[in-house]
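Now for the letters of each chain:
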Amino acid sequence: MQRIRLRYTKRGRLRFTSHRDFQRAFERALRRAEVPMAYSAGFTPHPKVSYANAAPTGTGSEAEYLEIALTEARDPETLRALLDESLPAGLDITDAVEARTSGLADRLTASVWELRLEGVAVEDAEKAVGTFLAAGTVEVQRKTKNGVRTFDARSAVTALTAAPPQGDPRDDAPLDSACAILRLVVRHVTPAVRPDDVLSGLRAVADLAPPVPAAVTRLAQGLFDEESGTVTDPLAPDREAATAAPGRAAATAPATAPGTDTA
């Protein structure tokens, strides 16, 4: 059995797809691409796909990860291209490696988020960020299935900055409209601290309330490097292991497009 780890995105309107919606779309893509999937045992077998720390519905992402198990060896890059062609635009497979190490989920310990605050001046955002970072604790509330829960949104935040946008890709955006971009690095803790929790904290300690909902995008997730304060690529150990063992990579059979005669 071969295991392949994939990085995928949720862009544009596809950010509003739920995790269950993505699961259905991905399983359809597996069938279209004729991927030789391994299946679970039991009365209702299902393809062996492991999803890791999916982004909340309504948020975009450039760094979602999953792992699939195959019954036949395939070239990761060719497989990535086949699956990418089988998914709708916005759900894009951007990277693929053969799993040569254990513990992908254990390497997803932090995320980098971008929060676009329309109608908020950069100066106001900078003041709010300073107040938030200076606070020892910032208690926020979130409604859960077990009722309203109160927790600290400050302790999980390792970095938070405010800056002006670097250019607006939307043709209809007013050139003189106020807009601030927050860059947030947050550890994955329990209970999880999400970008909307940090926005609630900014509202609580600095009365920062954007007039429209923030556009939130996850830029990266991976292992948090304490020395540099950066989030590292969780697929890098698998690439390094592949480089150290080139003989096994050479033995991997290439994937082929559905319906291609390989005889």
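Bear in mind the structure is a predicted one, so any value in this text is a computation, not a measurement.

**Student:** Hey, could you run me through the overall build of the protein in this one?
**Tutor:** Tallying secondary structure elements over the protein gives six helices and ten strands in all. Split into buried and exposed, the 263 residues of the protein put 41% on the buried side. Carbon and sulfur atoms form 51% of the exposed surface of the protein, whose accessible area is close to 13900 Å².

**Student:** Whenever I open this one, unusual backbone geometry confuses me. Can you help?
**Tutor:** Residue proline 191 follows threonine 190 across a cis peptide bond; omega there is -5°. Phi at glutamate 34 takes a positive value of approximately 55°, unusual for a residue other than glycine. Mapped onto the elements, glutamate 34 comes out in the loop between helix H1 (19-32) and strand S2 (49-52). Taking relative accessible area as the criterion, glutamate 34 reaches 51% and is therefore assigned exposed. One non-glycine residue, aspartate 207, lies in positive phi territory at about 55°.

**Student:** Which parts of the structure should I look at to understand the side chain of serine 111?
**Tutor:** Among the secondary structure elements, serine 111 is positioned in strand S5 (residues 110-118). In this structure the side chain of serine 111 is engaged in a polar contact, spanning 2.9 Å, whose partner is the side chain of arginine 218. Ignoring any residue separated from it by four or fewer positions in sequence, one finds serine 111 in contact with Asn53, Leu184, Val185, Val186, His188, Arg218, Ala220 and Gln221.

**Student:** Teacher, can you tell me more about H1 here?
**Tutor:** Every α-helix carries 3.6 residues per turn, so stepping three or four residues along brings you back to the same face. Given a rise of 1.5 Å per residue, 14 residues ought to cover 20 Å, and the 20 Å separating the end C-alpha atoms of H1 matches this to within 8%. For H1, the full list of buried residues reads Phe22, Ala25, Phe26, Ala29 and Leu30. Considered in projection along H1, the buried side chains sweep an arc of 145° and stay on one side of the axis. Among the exposed residues of H1, those pointing more than 90 degrees away from its buried face are Arg20 and Arg31. In the core, the buried residues of H1 are packed alongside strand S1 (2-10), S2, strand S3 (60-70), helix H2 (76-86) and strand S4 (93-98).

**Student:** Looking at this structure, how should I read the packing of helix H3 (residues 122-134) against helix H4 (residues 195-206)?
**Tutor:** Following both chains from N to C, one finds H3 and H4 inclined at 95°, their axes separated by 9 Å at the closest point. In terms of their interaxial angle, H3 and H4 are classed as roughly perpendicular. Touching Ala128, Val129, Thr131 and Phe132 of H3 are Val198, Gly201, Leu202, Val205 and Ala206, all from H4. Its residues placed into classes, the contact of H3 with H4 shows seven nonpolar, two polar and no charged.

**Student:** I keep staring at the side chain of glutamine 2 and nothing clicks. Help me out?
**Tutor:** Relative to the assigned elements, glutamine 2 resides in strand S1. For glutamine 2, a relative accessible area of 5% gives the class buried. For glutamine 2, the side chain forms a polar contact with the main-chain nitrogen of arginine 74, separated by 2.7 Å.

Reading the values: the criteria
- Residues numbered from 1 in each chain as written.
- Predicted model: local features only at pLDDT ≥ 70, side-chain atom pairs only at ≥ 80, totals over all residues.
- Heavy atoms only, no water.
- Helix = DSSP H or I, 4+ residues; strand = E, 2+ residues; numbered from the N terminus.
- Buried < 20%, exposed > 50% of the residue type's maximum accessible area, 1.4 Å probe, protein only.
- Areas by Shrake-Rupley, 256 points an atom, 1.4 Å probe, with all protein chains shown as cover.
- Polar contact = N/O pair within 3.5 Å; in protein donor to acceptor, adjacent residues only side chain to side chain.
- Contact = heavy atoms within 4.5 Å.
- Expected span 1.5 Å × (residues − 1).
- Arc of directions from axis to C-beta.
- Axes fitted to C-alpha atoms, helices over the stretch in contact; angles between N-to-C directions.
- Parallel < 35°, antiparallel > 145°, perpendicular 65-115°, else oblique.
- Nonpolar A, V, L, I, M, F, W, Y, C, P; charged D, E, K, R; others polar.

Shape is all these values report; function is a separate question.
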